[in-house]
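# Architecture and fold: a report
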Amino acid sequence: MSDHNAVRPDWLCGGCGQPWPCRTRQVQLLAEYDGALVSLALLMGTYFCDGAQELPDARAGDLYARFLGWLDPYRRSR
Ligand SMILES: [Zn+2]
């Protein structure tokens, strides 16, 4: 469905080169997991842990915002 997949260990989008998950992939994931936000959050939590290991120089707060921050239901516009 998507070429906007993570290229690891750099965690850049294979489709557009932006830090993954790029905005396009975020929209796709929200559509794929519509009504299952907890499942999506668990998946992104796994990626967050993987990313923390593979991007050791990144700040934890930045990684959190990148992998999980966009899932905040109070900031999400739908
Ligand atoms: Zn992309």
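Please refer to the structure higher up on the page.
Presented here is a report on the structure given in the accompanying data block. Nothing here was measured: the structure is a model prediction, and the numbers come from that model. (Residues numbered from 1 in each chain as written. Predicted model: local features only at pLDDT ≥ 70, side-chain atom pairs only at ≥ 80, totals over all residues.)

Moving on, we get to the overall build of the protein. The secondary structure content of the protein amounts to three helices and two strands. Seen in sequence order, the protein has helices and strands lined up from the N terminus as β-β-α-α-α. Looking at the protein residue by residue over its 78 residues, the buried ones come to 10%. Put simply, 29% of the contacts in the protein that link residues at least 6 apart link residues at least 24 apart. (Helix = DSSP H or I, 4+ residues; strand = E, 2+ residues; numbered from the N terminus. Buried ≥ 20, exposed ≤ 12 C-beta atoms within 10 Å, placed from the backbone. Contact = placed C-beta atoms within 7 Å.)

This part takes up the environment of Leu43. Within the fold, Leu43 resides in helix 2 (residues 37-54). As a C-alpha pair, Leu43 and Leu68 span 25 residues in sequence and 9.7 Å in three-dimensional space.

A word on unusual backbone geometry. Geometrically, the link from Arg8 to Pro9 is a cis peptide bond, its omega value of 10° lying close to zero. Note that Pro9 resides in the loop between strand 1 (6-7) and strand 2 (12-13). In this structure, the amide linkage connecting Trp20 to the following residue, Pro21, adopts the cis form with an omega of 0°. Assignment of secondary structure puts Pro21 in the loop between strand 2 and helix 1 (23-32).

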